[in-house]
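Results of the structural survey
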Amino acid sequence: MIHTKVRCREITESDAEAVADLLTRGFVGRSRNYWIQGLRRQAFRSVPEGYPRFGYMLESDGTPVGVLLLIYTARKSGEETAIQCNLSSWYVDPAYRNYAPLLTKIAQRHKDVTYFNISPAPWTWPIIETQGFRAYCRGIFFSVPALARPPRWSEIEVISPHAKTIEGLSEAETELLTRHARYNCLSLVCRTPKGTFPFILQPVRIRRGFIAPPAMKLIYCRNAAEYAACAGRIGRLLLRLGKIAVAIDSNGPIPGLVGIYTERRGRKYFKGPHRPQLGDLTDTELVLYGP
């Protein structure tokens, strides 16, 4: 079939309703409200200047027939500001699949941007690797933090989305935790004699094929060692919320934690100048749209 009026262009805020309809059609099991909520969050978040707010779409005679959502974020790396882009949900109507390369070509044209994919289906892993992407995370460690001993003289604080300051944290980390609390994440601070440690967690859906108890996903920690040190205190709080396990992006078992490591799922890829940090899924599709 020949389509003579297909073009690829940037998604604008006025396209949100039509894009949500297209994504609802393309992703069975995802409600329209799921997409509308995520697009609304993208509409109001800060985006680095010069980059698209939502991503790109294929349009045929004024109707969306393909979409690739992009989530751009500026990350401080020492004195530099690095630009990262989460390649999020991709769908093209079957009759227009021959135009799909237009989306990926335009979306990945910035050589100074680090592109990453945090939710590739296992059957796509070889395809992604042939496109020049490298795995920076090979699996998931399902920890049971309540089995760890809490650090002595420690306390844990749930951060309100309206908090203005957090004792012991920088202004940037305070804003990070409160922003993600507004995204319905669980933002925590664990205070010990060794310091103040920030964490962000989110309820996670355990998909079929892997049996696990009610779990949270670790969205942010400075490093896995800090999580391991505070796991006992975090685990006791989570038990009161009916959560037993915490899933952590990892390349192997994490010292000091009880749990199970698997590489059957959880692989994450990147392409570009900066390798993404393990334990940092802030401002990604997982947060803005949900698990």
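Note that this is a predicted model, so its numbers are computed, not measured. (Residues numbered from 1 in each chain as written. Predicted model: local features only at pLDDT ≥ 70, side-chain atom pairs only at ≥ 80, totals over all residues. Heavy atoms only, no water.)

Our next topic: the overall build of the protein chain. Helices and strands together make up the secondary structure of the protein chain, namely seven helices and 14 strands. A globule of 291 residues ought to have a C-alpha radius of gyration of about 19 Å, and the protein chain, at 20 Å, matches this closely. For the C-alpha atoms alone, the extent of the protein chain along its principal axes is close to 70 × 40 × 35 Å. Out of the 291 residues in the protein chain, the part that is buried amounts to 54%. (Helix = DSSP H or I, 4+ residues; strand = E, 2+ residues; numbered from the N terminus. Rg over C-alpha atoms; globule rule 2.2 N^0.38 Å. Buried < 20%, exposed > 50% of the residue type's maximum accessible area, 1.4 Å probe, protein only.)

Mapping L87 onto the fold places it in strand β4 (residues 80–92). Classification of L87 as buried rests on a relative accessible area of 8%. Note: C-alpha distance between L87 and A215 (128 residues apart in sequence) is 25 Å. Those residues within four positions of L87 in sequence are excluded, and the remaining contacts are L69, L70, Q108, Y115, F116, N117, F133 and E285. (Contact = heavy atoms within 4.5 Å.)

So, on to the pairing of strand β14 (residues 268–271). Pairing between strand β5 (residues 114–117) and β14: three bridges, direction antiparallel. Counterpart to F116 in the pairing with β14 is F270. Sheet analysis places strand β6 (residues 134–137) next to β14, joined by three bridges and oriented antiparallel. Across the sheet, the residue bridging to A135 is Y269, located in β14. (Pairing = 2+ DSSP bridges.)

The periodicity of an α-helix, 3.6 residues per turn, causes residues three or four places apart in sequence to face the same way. Burial in helix α3 (residues 100–107) covers these residues: A100, L103 and A107. The buried residues of α3 all sit within an arc of 60° when viewed along its axis, so they share a single face. (Arc of directions from axis to C-beta.)

Let us now look at the pattern of salt bridges. Applying the stated rule across the entire model yields 16 salt bridges. The partner of R9 in a salt bridge is D15, with the nearest N and O atoms 2.9 Å apart. You'll find R9 and D15 in the same group, each marked buried. Among the charged side chains, a network of salt bridges with common partners joins R7, R9, D15 and E59. (Salt bridge = Lys/Arg side-chain N within 4 Å of Asp/Glu carboxyl O.)

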